[in-house]
Amino acid sequence: MRTMDRRAGVATGKDQDFRLQYETLRALQAGNGMALQIIADLEADLGHLDYSEPAIVRPVQRLADEVLLMAQELNLLTSDRYHSLYGAIVRIRANIRTAFRLRPDTRRFPLALTLADERSKDPRVAGGKAASLAALLDIFPRLVPAGFVVTTEGYRQFIETNKLAELVRDLLADLEVFTGHPRFQERTRRIRDLILQAPVPDAIARAIEEWAADMASATGSDTGVSTWAVRSSATSEDAALTFAGQFDSLLNVPASDLVEAYRAVLASRFTDRAVMYRLHFGFREVDTPMAVLFMPMIVPRAAGVVYSRDPREVDSSRMILSAVPGLADKLVRGETPGTTIAVPLDAAGDPSLDSVRVEGEDTGATGPDTPGSARTNGTETSSTAGHDSWLSRDILGAVANAARDVARALGYDVEIEWAVDHDGRFWLLQCRPLRVASGPREERRSKQAPPLLENGYTLFPGRAEGPVEFVDTGVEPALQHKAPVLVTDDASMELAKVLPSLGALLIRRGSPIGHVAALVREFRIPTIYGLGDGVQLLEPGGQVSVDATLRRVYRGSRWPGIRERVLARVSGSRDRSSPGPLHDHVLSLNLTDAHAPSFKAENCQSLHDVVRFIHEMSIRSMFRFGDRHNRFWKRALKSLEWDIPVRMKLLDLDGCTPRGRRKTRPEDVASVPFQALLKGMRDPRVRWDRRRIRDLENLPADFVERILGGTLGPRRPGDTNYLVVAKDYLNLNARFVFHYGMLDAIIGPAKEANHVHFRVRGGGADETRMTRRSRFLETVLRSHHFGVDRRGSLVTAWLRNYPEADSARALEMLGRLMACSRQLDMILTTEAMVERLARAFLAEDYAAFA
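Residues numbered from 1 in each chain as written. Predicted model: local features only at pLDDT ≥ 70, side-chain atom pairs only at ≥ 80, totals over all residues. Heavy atoms only, no water.

### Some points on the overall build of the chain
The condition that has to hold: Strands here are runs of E lasting at least two residues and helices are runs of H or I lasting at least four, both read from the DSSP assignment and numbered beginning at the N terminus. Exposure is judged per residue with a 1.4 Å probe applied to protein chains only, and the accessible area is read against the type maximum: over 50% gives exposed, under 20% gives buried, and values in between give partly exposed. Any two residues whose heavy atoms approach within 4.5 Å at even a single point are treated as in contact.
When helices and strands are tallied, the chain shows 21 helices and 28 strands. The burial tally for the chain puts 57% of its 850 residues in the buried class. Pairs at least 24 apart in sequence give 66% of the contacts found in the chain among residues at least 6 apart.

Here you go:
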């Protein structure tokens, strides 16, 4: 432990008590930093690894031991004031042992299975796509083709054998910060390259070859199986969320290339669109391990997609079918429109083939027949004239009846990919739950200016406003505006990556069928398709208002508050999917409000709660000690005379300030971390004067600070703010007008001892604006390699084990960040400002904060 120079001048009577208090505090700060690092690593690892992995078990055990040691140090610091903390730790550790014991060991899953195997119905084993087909095989054994699946155990072995887990984890770390940045594409491409360059383990390669050979011989055909379909089957695919088109499936693969195709499908987990999809919906990597489905190719006469109910309208009494001759891969990717047919359902829910409607291939016609009905550029007919060569009445009946039967058997509406071979046999190739638009259609017409466009079909209802952007079909768009109204000719899969960032989508041609249509409904993007050449009336960059429910587009901004709601949808963070009980007992943070009545030791529900509680109580304890015994060490306590508008008392632990002075200038403090922080705080490009906030201009400054500052931090408006320094140490816990900041740092030649811990909380604005400031801080800190935990307005960040120069630069950055973020919550009135100001700070454009 650090020893203090007697020349520091601490009074003899309380010197040893004070020294013990601060040495214990430093030990607690070191333990806090270590615990936060373990928590951050576990949070990342739990996104990639199962509970049963040693890389999860061992850090949890180490964290539990560290937390117990910290509890002992806190009670040493506080004369056993928090003895009840031990009972909470014992309870949490017992819950963790139970979670480990109850978690199934995924390593016991078989490497490969046929679809007929009962175990293939488990999505954890066979993935969602294969599991849904295996379940259908039980119900409709003549309609589902034979196939086999390399299970999620194969994916685990591939990653483990090639030692890719840590590399993938590091490349995915904090990736949400870089969406829309070239670094995002660089990292995902690097992961794909790692997988494509890694050898397929021998056991997996043998399994693929042997199962394919056995299945080929079982066909009874002289030629066997000539080519195969190799399809993705991630564990969450085709479930509550479809993952439509996110992963690759390969068709017409010869048997000699099946192993290579397997590896290519695994790599498709990390396409830009697939990673963006998981980030948007809060999936961890461990939630979607990839099984791969192998099925003999069917050479179809006709193929397509059928919805058991029209997804464009609530309570519709028709199903929608789309078909093409031959393979339907271009149809589902949005590259071919196909023939779309509305099949009415009678009162019993049975398809009525005598009055089907064929939606016209010329989707540029004028508009819907009636609000709320499907547009039908055709007439009632008992045949599909013009398509008899490949889409007969018999095929139409087989498809419609199968959709009805599957929906009834499963108990919910479905989307089915189907094919009919040249022998006339019908096949189910894929089945997923159908997401149907919710809420009634609006029928009222506004008395304001008439719409600029009024035609097309509703793909997903709702309103949006934003600037217009055009993108060519087949080109991956690079968005120029925040939440734009995107206009395109066709809805191809190149749009998938940017769909979460769109305000609305307008499609000149398009179809209600396909991967993009499914994704539009999942992302809830107001979308109109079939607008025709009228889209040429829209001007790039011009502001428009879209009412997808009534299929109207207006010039300018029309509805108050709609643009803000669009930006909130695009920018709002998604709740991460719950990793389960281990996360609840180790990582979740429940004690977020340190001044709530429930902030008690016995209310700790996780090890993270315990770490948070110990840190807060240790800081309070030191302030209580200082306030109580101030008269015994006045010679060590000095006023800091500086130009930063925060009143500060400096406590010198080891003689790093001139002796005999009651006041100290910042430049006289011989502390490495303090001087680094000071350099950033005094950067001439940042400002510390009070930000002009119109609503507060006429209020006395003392009233503003005392009333709006609140009491959420450890220091009240009238309390002293302490700055504790040593040659290699700094601890700052202070009130900055409306929010509270804690900074603890050790910087020296031994990088393994270096750390920078930063915590900020509170503010003078409402919770929404404080949360916006938290997102701003998180973006900036992650971009500077800090680990970050954000919970509402509370941001905790850490940087550990960096060399002295790098740690000093981090503190300089924090000095500038503290200046720029001071009172920032008061002016963050829109979501767009968060991203704009984060970009400005990272570009060192500090004038944006003036």
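### With respect to the packing of helix H6 (residues 165-172) against helix H7 (residues 182-197)
Operational definition: To obtain an axis, a line is fitted to C-alpha atoms, over the contacting stretch when the element is a helix, and the angle between two such axes runs from 0 to 180 degrees between their N-to-C directions. For this classification, under 35 degrees means roughly parallel, over 145 means roughly antiparallel, 65 to 115 means roughly perpendicular, and everything else is oblique. A crossing counts as left-handed when the near helix is turned anticlockwise from the far one by less than a right angle, and as right-handed when that turn is clockwise.
Two elements in contact, H6 and H7, have axes whose closest approach is 9 Å; the angle formed by their N-to-C orientations is 165°. Considering the angle they form, H6 stands roughly antiparallel to H7. The element H6 and its partner H7 pack so that their crossing is left-handed. Across from Leu167, Val168, Asp170, Leu171 and Leu172 in H6, the residues of H7 making contact are Arg187, Arg190, Ile191 and Leu194.

### A short note on the sheet that holds strand E3 (residues 227-234)
As a reminder of what qualifies: Two strands pair under a simple rule: DSSP has to find at least two bridges between them.
With antiparallel pairing, 5 strands are arranged side by side in an open sheet as E1-E2-E5-E3-E4. Both edges of this open sheet fall to strand E1 (112-114) and strand E4 (250-254), since each of them pairs with a single strand only. Averaged over all pairs of adjacent strands, the angle between their axes in this sheet comes to 30°, without regard to strand direction.

### Concerning the side chain of glutamate 465
Note the threshold: Charge counting treats Lys and Arg as positive and Asp and Glu as negative, with His and both chain ends excluded. By salt bridge we mean one thing: a side-chain nitrogen of Lys or Arg within 4 Å of a carboxyl oxygen of Asp or Glu. Definition of a polar contact: a pair of N or O atoms within 3.5 Å, with one able to donate and the other able to accept a hydrogen when the atoms are protein atoms, and with sequence-neighbouring residues admitted only if both atoms are side-chain atoms.
With respect to the helices, strands and loops of the structure, glutamate 465 is situated in strand E14 (residues 463-470). For the buried glutamate 465, which has no salt bridge, the nearest side chain bearing the opposite charge is arginine 563, at an N-O separation of 6.6 Å. Here arginine 558 takes part through its backbone nitrogen, which lies 2.6 Å from a polar atom of the side chain of glutamate 465. Once residues within four sequence positions are removed from consideration, glutamate 465 is found in contact with Ala483, Val485, Gln543, Val544, Ser545, Ser557, Arg558, Trp559, Ile562, Arg563 and Val566.

### Examining the pairing of strand E19 (residues 552-555)
Relative to E19, strand E12 (residues 453-454) runs antiparallel, the two sharing 2 bridges. Of the residues in E19, the one forming a bridge with leucine 453 is valine 553. Where strand E18 (residues 543-547) and E19 come together, 4 bridges link them in antiparallel fashion. Bridge assignment links aspartate 547 to a residue of E19, and that residue is arginine 552. With antiparallel pairing between neighbouring strands as the criterion, E18 and E19 make up a hairpin whose turn holds 4 residues, including arginine 551 at a positive phi of roughly 60°.

### Examining the confidence of the model for the chain
Note the cut-off: The pLDDT score gives, residue by residue, the confidence of the prediction method on a 0 to 100 scale.
Taken over all residues, the pLDDT of the chain has a mean of 78, while the share at 70 or more is 79%. Throughout residues 361-385 the model reports pLDDT below 50, and contacts reaching past four residues in sequence, or to other chains, amount to 64 contacts.

### Let's talk about the sheet that holds E14
Spatially, 8 strands are ordered E12-E19-E18-E14-E15-E16-E17-E13 in an open sheet, and the strand pairing comes out mixed. If you trace the sheet from one side to the other, it starts and ends with E12 and strand E13 (457-460), each paired once. Judged from the 4 bridges that link them, strand E15 (residues 485-488) and strand E16 (residues 504-507) form a sheet pairing that is parallel. Bridge pairing in E16 links valine 487 to leucine 506.

### Section: helix H12 (residues 393-410)
Using the following cut-off: Here the expected length of a helix is defined as 1.5 Å per residue gap, with one fewer gap than residues.
When the terminal C-alpha atoms of H12 are compared, their 26 Å separation across 18 residues agrees well with the 26 Å that a helix rising 1.5 Å per residue should span. The complete set of buried residues in H12 reads Ile395, Leu396, Gly397, Val399, Ala400, Ala402, Ala403, Arg404, Val406 and Ala407. Buried residues in H12 make contact with helix H4 (123-139), strand E6 (300-307), strand E7 (318-325), strand E8 (339-344), strand E10 (414-421) and strand E11 (426-433). Once H12 finishes, glycine 411 follows within two positions and takes phi at roughly 90°, a positive value.

### Quick look at the pairing of strand E27 (residues 787-791)
Where a strand is regular, its side chains alternate between the two sheet faces. The pairing of E27 with strand E28 (residues 794-800) spans 5 bridges and is classified as antiparallel. Bridging from a neighbouring strand, arginine 791 pairs with leucine 794 of E28. Hairpin remark: E27 followed by E28, antiparallel, with 2 residues in the connecting loop; positive phi at glycine 792, about 65°.

### Some words on helix H8 (residues 202-218)
Under the convention used in this document: This arc is built from the directions going out from the helix axis to the C-beta atoms.
Under the 1.5 Å per step criterion, the end-to-end length of H8 is 24 Å for 17 residues, consistent within 8% with the ideal 24 Å. For H8, the complete set of buried residues consists of Ile204, Ala205, Ala207, Ile208, Ala212, Met215 and Ala216. Around the axis of H8, the buried residues are gathered within 160° of arc, so they sit on the same side. Turned more than 90 degrees away from the buried face of H8 sit Asp202, Glu209, Asp214, Ser217 and Ala218, all of them exposed. In this structure, the buried residues of H8 make contact with E1, strand E2 (148-150), helix H5 (152-161), E3, helix H9 (258-267) and strand E5 (290-296).

### With respect to the packing of aromatic side chains
The condition that has to hold: Ring geometry is summarised as follows: Phe, Tyr and Trp rings, the Trp one being its six-membered ring, pair when their centres sit within 6.5 Å, and such pairs are stacked at plane angles under 30 degrees, edge-to-face over 60 and tilted between the two. The criterion for a charge sitting over a ring is simple: Lys NZ or Arg CZ within 6 Å of the ring centre, and within 35 degrees of the ring normal.
By the definition in use, this model includes 12 aromatic pairs. When the ring of phenylalanine 776 is compared with that of phenylalanine 841, the centres are 6.4 Å apart and the planes differ by 90°; the resulting orientation is edge-to-face. On the criterion of sequence distance, the pair formed by phenylalanine 776 in helix H19 (residues 767-783) and phenylalanine 841 in helix H21 (residues 831-842) is long-range, its members being 65 residues apart. In textbook terms, an aromatic cluster arises when at least three aromatic residues are bridged by ring pairs, as seen for Phe148, Trp211, Trp228 and Phe294. In this arrangement the basic side chain of arginine 558 is found over the ring face of tyrosine 554, its NZ or CZ atom lying 3.6 Å from the centre.

### Points about the packing of H5 against H9
Here is the rule we go by: Under the convention adopted here, Pro, Cys and the residues Ala, Val, Leu, Ile, Met, Phe, Trp and Tyr are nonpolar, Asp, Glu, Lys and Arg are charged, and Gly plus all remaining residues are polar.
The interhelical angle for the contact between H5 and H9, taken along N-to-C directions, is 85°, at an axis separation of 12 Å. In this view, H5 runs roughly perpendicular relative to H9, as classed from their interaxial angle. Across from Gly154, Tyr155 and Phe158 in H5, the residues of H9 making contact are Tyr262, Arg263 and Leu266. A breakdown of the residues in the contact of H5 with H9 according to their chemical character gives 4 nonpolar, 1 polar and 1 charged.

### Here we look at unusual backbone geometry
Positive phi values are uncommon outside glycine, yet lysine 163 reaches one of about 55°. For lysine 163, the position within the fold is in the loop between H5 and H6. Here the phi dihedral of histidine 785 falls at roughly 75°; this positive angle occurs in a residue that is not glycine. Within the secondary structure layout, histidine 785 lies in the loop between H19 and E27.

### A closer look at the environment of proline 581
If you trace the backbone, proline 581 turns up in helix H15 (residues 581-586). In sequence terms proline 581 and asparagine 95 are 486 residues apart; their C-alpha atoms lie 8.4 Å from each other. Setting aside chain neighbours within four positions, we find proline 581 in contact with Tyr51 and Ala99.

### Considerations on the environment of aspartate 394
Secondary-structure assignment places aspartate 394 in helix H12. Taking the C-alpha atoms as reference points, aspartate 394 and leucine 353, separated by 41 residues in sequence, lie 9.8 Å from one another.

### Quick notes on the environment of proline 337
Among the structural elements, proline 337 can be located in the loop between helix H11 (329-332) and E8. Exposure remark for proline 337: the relative accessible area of 47% places this residue in the partly exposed category. Proline 337 sits 172 residues away from arginine 509 along the chain, and the two C-alpha atoms are 7.9 Å apart. The contact partners of proline 337, leaving out residues within four places of it in the chain, are Ser322, Leu331 and Ser511.

### A short note on the nonpolar core
Quick reminder of the rule: Nonpolar cores are built from buried Ala, Val, Leu, Ile, Met, Phe, Trp, Tyr and Cys residues. Side-chain atoms within 4.5 Å join them into one set.
Among the nonpolar cores identified, the biggest contains 54 residues, and Phe776, Leu781, Phe786 and Leu814 are the most heavily contacted of them. Take this core: its biggest share by element is 9 residues, from helix H20 (residues 804-821). Leave out the neighbours within four places in its chain, and leucine 781 touches Phe758, Phe786, Val788, Val795, Ala797, Met813, Leu814 and Leu817. Judged by nonpolar contacts, the second largest core, of 43 residues, contains Leu133, Leu293, Val343 and Cys431.

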